[in-house]
Amino acid sequence: MRLIGKTFLTALLLACSVWLSIGASGQEVVNSSAGKTAVEESSRAAPNFALPDLRGKQVGSADLKDNVIILDFWATWCEPCISEIPIFNTIQQEYASRGVKVIGVAVQSGWPRDVRRFVTKHKMRYTILVGNDDIVSGFEVIAFPTTYIIAPGWKIHKKYSGAYEKKSAELERDIEALLQSIDEKKGVR
């Protein structure tokens, strides 16, 4: 029964990824089933998790709660996900000194050794964790790529569904706004 559920989830994710990569050209695209745009604001707590990185070390949400986290759900077979790798490399490079961490969650992409080869081939310069059905379900991921900005305190700030032309600019704008808000709360100018 669990195999049937995984097969169904895989087919659903693939269908949604294809739909988003073909039809999602930006924030104006509406998910007709939910009536929401590709970017959603939130302030709910993010689901907790503990996942292995590519060396087998467990990384948990408790280890990340004091940072701004860019959490990207992706798969090695997802072309739109691959096209976003340079965006996340740039964000990691430009914002790491300001407490921002990019974390990629590889889902349904084979064994860790397979993902390691992919990461090396595509020169991914941010942390990659090996995801599972529980984290996909907890974060309500229905398509790849799905990206979250998570604020300190482990609160979801924004969710981005799909890959589209203006996503990089929107991510950077939202990261800057969140960092400014954090600085203002601390009394830093």
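Further up the page is the structure itself.
Residues numbered from 1 in each chain as written. Predicted model: local features only at pLDDT ≥ 70, side-chain atom pairs only at ≥ 80, totals over all residues. Heavy atoms only, no water.

A. Broad picture of the overall build of the chain. A tally of helices and strands in the chain yields seven helices and ten strands. Partitioning the contacts of the chain with sequence separation of at least 6, the portion at a separation of at least 24 is 73%. A total accessible area of about 10200 Å² is found for the chain, and carbon and sulfur atoms account for 54% of it. (Helix = DSSP H or I, 4+ residues; strand = E, 2+ residues; numbered from the N terminus. Contact = heavy atoms within 4.5 Å. Areas by Shrake-Rupley, 256 points an atom, 1.4 Å probe, with all protein chains shown as cover.)

B. Fine view of the pattern of salt bridges. By the definition in use, this model includes six salt bridges. Taking the shortest distance from any N to any O, the salt bridge between Glu-140 and Arg-44 comes out at 3.9 Å. Of the two residues, Glu-140 sits in the loop between helix H6 (133-138) and strand E9 (146-151) while Arg-44 sits in the loop between strand E3 (39-41) and strand E4 (50-52), which places them 96 residues apart along the sequence. Of the residues examined, Glu-140 reaches a relative accessible area of 49% and is grouped as partly exposed. Beyond isolated ion pairs, a larger network of salt bridges with shared partners links Lys-158, Arg-173 and Asp-174. (Salt bridge = Lys/Arg side-chain N within 4 Å of Asp/Glu carboxyl O. Buried < 20%, exposed > 50% of the residue type's maximum accessible area, 1.4 Å probe, protein only.)

C. The state of the cysteines, seen in detail. All told, the structure shown has one disulfide when counted by the stated rule. Note on cysteine connectivity: Cys-78 is disulfide-linked to Cys-81, with sulfurs 2.4 Å apart. Classification of the bridge connecting Cys-78 and Cys-81 rests on its S-S torsion, roughly 75 degrees, and on that basis the disulfide is right-handed. The pair formed by Cys-78 and Cys-81 is uniform in burial state, with each residue classed as buried. (Disulfide = S-S within 2.5 Å.)

D. Molecular detail of the pairing of E9. When you tally the buried positions in E9, you get six out of six residues, the bulk of the element. Here E9 shows no split at all, with Thr-146, Tyr-148 and Ile-150 on one side and Thr-147, Ile-149 and Ala-151 on the other all buried. With five bridges connecting them, strand E6 (residues 68-74) and E9 associate as antiparallel partners. By the bridge assignment for E9, Ile-69 is matched with Ile-150. Here E9 runs beside strand E10 (residues 155-161); their pairing, made up of six bridges, is antiparallel. Pairing of Thr-146 across the sheet is with Ser-161, part of E10. Between E9 and E10, which pair antiparallel and follow one another directly, the connecting turn spans three residues, one of which, Gly-153, has a positive phi of 90 degrees. (Pairing = 2+ DSSP bridges.)

E. Up close: the environment of Gly-104. As for its position among the elements, Gly-104 is in strand E7 (residues 100-106). The class of Gly-104 is buried, set by a relative accessible area of 0%. Distance from Gly-104 to Thr-127, taken between C-alpha atoms, is 6.1 Å for residues 23 residues apart in sequence. Apart from residues lying up to four places away in sequence, Gly-104 is in contact with Asp-72, Trp-74, Tyr-126, Thr-127, Ile-128 and Leu-129.

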